[in-house]
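Secondary and tertiary structure notes
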Amino acid sequence: MARPGAHAVNPAMQPTSERVDTRPGARADRFAQVALDVPIAPWFDYRVPASLAGVIGAGNWVVVPWGRQRRVGLVIALAATSTLSEDKLRDVSALISDAPASPPSWLALARFAAGYYHRHLGEVLLPAVPKLLRTPPSPRARGSAFERARHRVDALIAPAASSPPAPAPAPAPPPPLTSAQATVLRELEAADGFRVHLLHGVTGSGKTEVYLRWINGLLAVDPNAQVLMLVPEIALTPQLAQRVRARFADEPVAVLHSGLAEGERAAWWLAAAERRARIVIGTRLAVLTPMPGLAGIVVDEEHDPSFKQQEGVHYSARDLAVMAGQLNDVPVLLGSATPSAETWLAARRGRYAMLSLPHRASGVEPPRLHLVPLHQRAPDHGLSEPALTAARETLARGEQVLVFLNRRGFAPVLACASCGWLSRCEHCAAYRVLHRVDPLAELLRRAARGDQASTRRPTRYRLICHHCAAEQAVPRACPECGSIDLGPLGRGTQRLEEALVAAFPEARVARLDRDVARRRGAAQQVLDAVHAGEVDLLVGTQMLAKGHDFQRLALVVVVDADSGLYAADFRAPERLFATLTQVAGRAGRAMAGARVIVQTRYPDHPLFASLLAHDFPGFADRLLEERQEAGLPPFRHQALLRAEAVSIEDAIGFLAQAHAVFPADAPAQVQCFDPVPMPLARVAGKSRAQLLVESTARPALHRVLDAWLEALDAIPSRARWQLEVDPIEI
Ligand code: ADP
Ligand code: ZN
Ligand code: ZN
């Protein structure tokens, strides 16, 4: 599968007759081993041309030929020999001389990740670099991408130089710490070198305030120090950046996430790499930012599944942050109201230091939680009678209400009342979701397609598959029986919003979910409106649950808490507890008497008893007991081999072969299970299957995986496959 002219490769795969002989006195820098974002080999050998001899070194960025193209790569070592024959070797095209130096600990982290996730170094390193900086310079371009990014940094960091200085708003003095916060801070500041701390603090307990104080100390003692703050969602970066900038008026704050314009992302990345920004805030990809002065790392909401990368190398940014702390010998602070089972276990065993903030910083009582049993079908707006009454009372007092439903769209499925037809996706083992479309957006779409001549009125609804994104118009009649008796089943946030507008005609209703957030800036607009008090009733998904500090929110209604209670994935209850805690934590952050109403068909489920008692430790300890009994993570370590192919036979067939070549000498503690179709067995026309490998010990697991992967590479198959270490969905 190598490209024409490609010149690999894994030295172990090269016949020795092709080795370039090492004459005595051969220069040690004749060849550069270059990591590229290519899955076929850990590095690629290139000749170092005379012009670069003595100039080039490990950690340098270079441009190299690749087939008929050129690529940017990173030199990982120089060598006196190559396993490639002379005629296959090509020269390094150019050194990118103005790229920043690569901190050794950055390379070490990437090397660790490559080993741990069983991928090549270039596949880890290069995708984490902003696109503009890893694109080979065009011969006509004036100046390099790094130079342009550097100019951009100048503009971002010192805007005052060109415009008259605006009177800076005097930063609000930090509040005096509560005694619990002060204790936590003392513990943190006592740490010298690598140490992982879990800060378990209830929502609103002032964790962020602790982060800011700790960072302040780290930056004050060392002018070269840098700190990294990771958050799970792009949507959480603006408010955190704002809070950090307000506190550290003189510090440039770099923000890194995939939603930034390329130029801005390149500039902030460079600012971090060159230590011009001492504070870096970012989503999971930011963990792989080179930071030569790294002195501490904060991972906020460490339990959040968004820290797991879901494409390319499936790394956990939280786990890599801990490793980065170890490699740099600096402390790591993991914060959460509902820590992950993995982190909780590490803290219980004393491997992580447990710090806790059991009360809200404001001293305000936490909101009271009520369960409302759902007996019969709820009306369209989804609110039971007690929830409806509570919403009315709250709105009458001029306070805000949040209605939470973790399902976007109008309704999860369209159904025929006559024959039972359902809106299945033809490409996936899933239903197409009924969505209401904004007529204006639909007209714009048509215009963009050059479809102006169409005189049809814009449709109000479409069917959209959430897995493959296929869309279709809503059929006028049932495709099976011709009946026109088609209707939505169940409800999503759009239907909920519509029904709430009808039920509360006086209230200003807003909705926030991924559909709304698709338009750049739209999510922030809704959040700003909520903060400004221009919204009375807010409807939304998960997006609303995390981190936001809504001051006037007095009531949260969870429309349907049941989907996670009896799900197939063993992590579902852990997730549900976290989500409910987060969403409940949005209520009453600044006022007493706030309420949270959770509607459920299973009010006797033990999860709710812990939730009502605000008893996360009780819940987490019991969860760990159950996991231990069942032999599940974090007591066992898992890897999942996934295969996808047009036919399920090919997918399962590959996995069956994989099973057959599983190392026979694997120790008994490493177990390989039989292949099974994935829970969502078909997506976008591809059938999917998986095979689980489990082990009680990590090192044994990784040794076996290494040996196994070599055997897997040799299996001829039509299936595409990928190995995932520490999968978070099974
Ligand atoms: P968390 O990150 O744990 O949710 P925050 O740091 O956002 O908590 O604090 C929650 C609220 O309490 C914020 O409005 C914050 O300004 C306030 N707060 C935090 N620490 C203190 C303190 N020591 N004194 C008074 N208010 C505080
Ligand atoms: Zn029908
Ligand atoms: Zn589909």
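Residues numbered from 1 in each chain as written. Chains lettered and ligands numbered in written order. Predicted model: local features only at pLDDT ≥ 70, side-chain atom pairs only at ≥ 80, totals over all residues. Heavy atoms only, no water.

A tally of helices and strands in the protein chain yields 19 helices and 28 strands. Here the C-alpha atoms of the protein chain give a radius of gyration of 28 Å, agreeing with the 27 Å that 2.2 N^0.38 yields for 730 residues. Each principal axis of the C-alpha distribution contributes one length, and for the protein chain these read about 90 × 70 × 65 Å. The buried share of the protein chain, taken over its 730 residues, is 52%. Across the protein chain, the fraction of contacts at a sequence separation of at least 24, relative to all contacts at a separation of at least 6, is 76%. (Helix = DSSP H or I, 4+ residues; strand = E, 2+ residues; numbered from the N terminus. Rg over C-alpha atoms; globule rule 2.2 N^0.38 Å. Buried < 20%, exposed > 50% of the residue type's maximum accessible area, 1.4 Å probe, protein only. Contact = heavy atoms within 4.5 Å.)

On to the pairing of strand β3 (residues 61–66), then. Most of β3 sits out of view: six of its six residues are buried. Neither face of β3 is exposed, since W61, V63 and P65 on one face and V62, V64 and W66 on the opposite face are all buried. Relative to strand β4 (residues 69–79), β3 runs antiparallel, the two being bridged by six bridges. Bridge pairing in β4 places V62 opposite G73. In sequence, β3 turns back onto β4 through a hairpin of two residues, with G67 there showing a positive phi of about 60°. Sheet topology places β3 next to strand β5 (residues 94–95); two bridges connect them, and they run antiparallel. Residue V62 lies in a different strand from β5, and its bridge partner there is L95. (Pairing = 2+ DSSP bridges.)

The next point concerns the coordination of the zinc ion (ligand 2). For a metal with four tetrahedral donors the ideal donor-metal-donor angle is 109.5 degrees, whereas six octahedral donors ideally subtend 90 or 180 degrees. Surrounding the zinc ion (ligand 2) are the protein donor atoms C416 (SG), C419 (SG), C478 (SG) and C481 (SG), which sit 2.3 to 2.4 Å from the metal. Each of the four donor atoms bound to the zinc ion (ligand 2) contributes to angles spanning 106 to 114°, and the resulting shape is tetrahedral. For the zinc ion (ligand 2), all donor residues lie on one chain, and their spacing in sequence is C-x2-C-x58-C-x2-C. With C416 in strand β15 (residues 413–416) and C481 in the loop between β18 (471–473) and β19 (486–489), the pair connects residues that are 65 residues apart, well separated along the chain. When its relative accessible area of 4% is taken as the criterion, C416 is described as buried. (Donors = N, O, S within 2.8 Å, 3.2 Å for Na, K, Ca; no water. Tetrahedral: all angles 85-135°; square planar, octahedral: opposite > 155°, others 65-115°.)

Turning our eyes to something else, we now look at the site of ligand 1. In the vicinity of ligand 1 lie 16 residues, with P176, Q181, K207, T208 and R243 positioned nearest. At a separation of 3.0 Å, an oxygen atom of ligand 1 approaches a polar backbone atom of G206. R243 places a side-chain nitrogen or oxygen 2.8 Å from an oxygen atom of ligand 1. Within the complex, the protein chains bury 78% of what would otherwise be the 550 Å² of accessible surface of ligand 1. Here the shell around ligand 1 is built from residues that sort into five nonpolar, six polar and five charged. (Near = heavy atom within 4 Å. Polar contact = N/O pair within 3.5 Å; in protein donor to acceptor, adjacent residues only side chain to side chain. Areas by Shrake-Rupley, 256 points an atom, 1.4 Å probe, with all protein chains shown as cover. Nonpolar A, V, L, I, M, F, W, Y, C, P; charged D, E, K, R; others polar.)

This brings us to the confidence of the model for the protein chain. Caution applies to low-pLDDT regions: their predicted coordinates should not be interpreted in detail. For the protein chain, the average pLDDT comes to 90, and 92% of its residues sit at 70 or higher. Here residues 1–23 is modelled with pLDDT under 50, and outside its nearest four sequence neighbours on either side it reaches 46 contacts, counting other chains as well. (pLDDT = per-residue confidence, 0-100.)

A word on the nonpolar core. Counting 136 residues, the largest nonpolar core has W61, L230, W269, L641, F654 and W708 as the members making the most contacts within it. At eight residues, helix α7 (residues 262–273) tops the list of elements feeding residues into this core. Excluding residues that lie within four positions of it along the chain, L641 makes contacts with F654, L655, A658, A689, Q690, L691, W708, L712, W721, Q722 and L723. If you look at the next biggest cluster of nonpolar residues, it comprises 29 residues, including L212, V227, V244 and A295. (Core = buried A, V, L, I, M, F, W, Y, C linked by side-chain atoms within 4.5 Å.)

Moving on to the sheet that holds β5. Within the open sheet, the five strands sit side by side as β2-β1-β4-β3-β5. Their pairing is antiparallel. Edge positions in the sheet fall to β2 (44–47) and β5, since each of these pairs with one other strand and no more. Note that strand β1 (residues 31–35) and β2 share four bridges and pair antiparallel. Residue pairing for β2: Q33 is matched across the bridge by D45.

With the rule as written, the count across this model stands at 14 aromatic pairs. For the ring pair W61 and W106, a centre distance of 6.4 Å and an interplane angle of 25° mean the geometry is stacked. Of this pair, W61 sits in strand β3 while W106 is found in helix α1 (residues 104–116), placing the two residues 45 residues apart along the sequence. The exposure class assigned to W61 is buried, which follows from its relative accessible area of 2%. Ring centres of F410 and Y461 lie 5.3 Å apart, and the angle between their planes is 70°; on these two criteria the pair is classed as edge-to-face. Here Y461 lies in strand β17 (residues 461–464) and F410 lies in the loop between β14 (400–404) and β15, a separation of 51 residues in the sequence. (Phe/Tyr/Trp six-rings, centres within 6.5 Å; stacked < 30°, edge-to-face > 60°.)

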